[in-house]
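One-letter residues, chain by chain:
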Amino acid sequence: MSPSPPRLHVLPLRYPLLLLPTARLTVPISRALADNLLAILDDSDAGQPVLAAVPVPVPVEPTNGEVAPVLPSVTVDAPPPTHGVAARVVRLVRARTVGSPVSRYPYLLYLHGLTRIRLLQPLDLDPSNLDSLPQHAVAYAPADTIPSHETLDAFKGAALRLLDRLAKESVQAQRKDEWLKVASMVEDMSDQRAAWMADVLVTAIPGQYMDKLDFLAATEVEGRLRRATELFVKQQSISEVSKKIASAVDESFSRQQKEYFLRQQLAAIQRELQSLHSSNPGQIGGPTGNGFGTGSSGSELDEDEQADADDLTDLRKKIETLDAGSEERKLVSESGGD
């Protein structure tokens, strides 16, 4: 007769909470769930019981002014969750609520992820029973094996490229140093530590919820490293595209600022010339003017007016060099028509 599988109390992690092995997580919980946890703590011989922390995208109606999280569309029709981690309870404390309204989650539960588990029976997703900590039979993930060289090389390459980009994009020097230290660890890691490093990296880097959920469900080392590699490549692509978009926006904004300055300068010169012509209807020093001499066409005022006209001509040439149909050309054209 085969031995019965181990059983663990199941703690559902509502979206967007997700815990991976090696990671730590702080979970806001209700008073009812805290009471159930205290009962388990009292019955536990070890002092720090182990729970099965299983992420579940269950929509919960908000109360007390809280806002319900927006769930990914792919999670609405997702099958009942079966994958999670065996997590050790580190501590349970009451949340500080001084000066704030009473929350529906007045306690904080601190967890430490240990290893992957799989529920032998799907979890009941009834929102009214998520505080009951039901016991489920679980299967632990097999022991980590050494991945193939091809899988390992692809994993390390993708990880190092992403870490290098994260270091370059870090604004804080301390954060940059942290990414560089992690990159050094990846370069020096042994083949046996690759699975552990994958869990550490996927926990640390930004990523989409469903991608990390798929990574959590990968129990075999080969599949886990391949999914981690795909996640790294995807995240690097997202970072590159975001940077290109930001650069294009900055360049466009800079050009608009430059053309706005030219337009303002052109308008100021036009106003100055109009003011000059209105105050001197006849050419100073000309046959009909009241200048200091007659017949003279080389006065200082004439030279200043000619210099202003030359500046205006230069500005018009700069504007005419703009691409036809561009936003900047339209702005300048509109200014000229005012």
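In this numbering scheme, every chain counts its residues from 1 along its sequence in written order. Totals for whole chains, interfaces and linings use all residues, but because this is a predicted model, local features are given only for residues with pLDDT of at least 70 and pairs of side-chain atoms are given and counted only at 80 or more. Water and hydrogen atoms were dropped before computing side-chain values, which therefore reflect all heavy atoms in the structure.

## Side note on the overall build of the protein chain
Numbering of helices and strands runs from the N terminus, with a helix taken as a DSSP run of H or I at least four residues long and a strand as a DSSP run of E at least two residues long. Summing up its helical and strand segments, the protein chain has 8 helices and 6 strands in all. Out of the 338 residues in the protein chain, the part that is buried amounts to 33%. Contacts: residue pairs with any heavy atoms within 4.5 Å of one another. Taking contacts inside the protein chain between residues at least 6 apart in sequence as the whole, the part at least 24 apart equals 75%. A simple rule labels every residue: compare its accessible area, found with a 1.4 Å probe on the protein chains alone, to the largest value its type can have, and call it buried under 20%, exposed over 50%, or partly exposed in between.

## Looking at the layout of surface pockets
In this structure, the second largest pocket encloses a volume near 250 Å³. Cavities and pockets are defined on a 1 Å grid built over the protein atoms alone: a cavity is a set of grid points where a 1.4 Å probe fits but cannot escape, while a pocket is an open set with protein on both sides within 12 Å along at least five of seven lines, and lining residues are those with an atom within 4 Å of any such point. Surrounding the second largest pocket, 13 residues form its lining, P79, P81, T82, H83 and L213 being those nearest its centre. A per-element tally of the lining of the second largest pocket places helix α5 (residues 209-216) first, with 4 residues. Polar here means any residue outside two lists: the nonpolar Ala, Val, Leu, Ile, Met, Phe, Trp, Tyr, Cys and Pro, and the charged Asp, Glu, Lys and Arg; Gly therefore counts as polar. Residues of the lining of the second largest pocket, tallied by class, amount to 10 nonpolar, 2 polar and 1 charged. Grid points are joined across faces, edges and corners, and a volume is the space filled by probe spheres set on the points.

## Some points on the packing of aromatic side chains
Only the six-membered ring of Trp is used, alongside the rings of Phe and Tyr, when aromatic pairs are assigned; centres must lie within 6.5 Å, and planes under 30 degrees apart are stacked while those over 60 apart are edge-to-face, with the rest tilted. Counting across every chain of the model gives 2 aromatic pairs. Ring centres 4.6 Å apart and planes at 85° place the aromatic pair Y15 and Y209 in the edge-to-face group. Of this pair, Y15 sits in the loop between β1 (7-14) and β2 (24-29) while Y209 sits in helix α5, and the two are 194 residues apart along the sequence. In this scheme, Lys NZ or Arg CZ marks a charge over a ring once it lies within 6 Å of the ring centre and within 35 degrees of the ring normal. Between R91 and the ring centre of Y110, over which it is positioned, the NZ or CZ distance is 4.4 Å. Lying across the ring of F215, R116 places its NZ or CZ 5.0 Å from the centre.

## What about α5?
Residues Y209, K212, L213, F215 and L216 constitute the buried set of α5. End-on view of α5: buried residues confined to an arc of 160°, all on one side of the axis. What the arc measures is the spread of directions leading from the helix axis to the C-beta atoms.

## Concerning unusual backbone geometry
The step from Y15 to P16 runs through a cis peptide bond, and the omega angle for that step is 10°. Here P16 shows up in the loop between β1 and β2. If you check the backbone angles, T22 has positive phi at about 80° while not being a glycine. Inspection of the secondary structure assignment puts T22 in the loop between β1 and β2. Looking at T22, the relative accessible area reads 29%, which means it is partly exposed. In this structure, L133 takes a positive phi of about 55° despite not being glycine. Within the secondary structure layout, L133 lies in the loop between β5 (107-119) and β6 (135-140).

## Considering the pairing of β1
In this scheme, strands are said to pair when DSSP sees at least two bridges between them. In this structure, β1 lies alongside β6, joined through 3 bridges in antiparallel fashion. Its bridge partner being in β6, R7 is matched across the sheet by A137. Sheet topology note: the β1/strand β3 (residues 50-56) ladder contains 6 bridges and is parallel. Directly across from H9, in β3, lies its bridge partner L51.

## Regarding the confidence of the model for the protein chain
Residues at a pLDDT of 70 or more form 69% of the protein chain, whose mean pLDDT is 79. In the model, residues 61-65 has pLDDT below 50 throughout and makes 7 contacts with residues more than four positions away in sequence or in other chains. On a range of 0 to 100, pLDDT expresses the predictor's confidence in each residue. This model gives residues 283-301 a pLDDT under 50, and the stretch forms 15 contacts once residues within four places in sequence are excluded.

## So, the pattern of salt bridges
Salt bridges, as used here, are contacts in which a Lys or Arg side-chain nitrogen is within 4 Å of a carboxyl oxygen on Asp or Glu. All chains considered together, the criterion is met by 9 salt bridges. A salt bridge links K168 to D164, with the shortest nitrogen-to-oxygen separation between them at 3.3 Å. Taken together, the residues K168 and D164, both in helix α2 (residues 149-169) and 4 residues apart, mark about one turn of the helix. In this structure, a network of salt bridges that share partners links the residues R165, E169 and E240.

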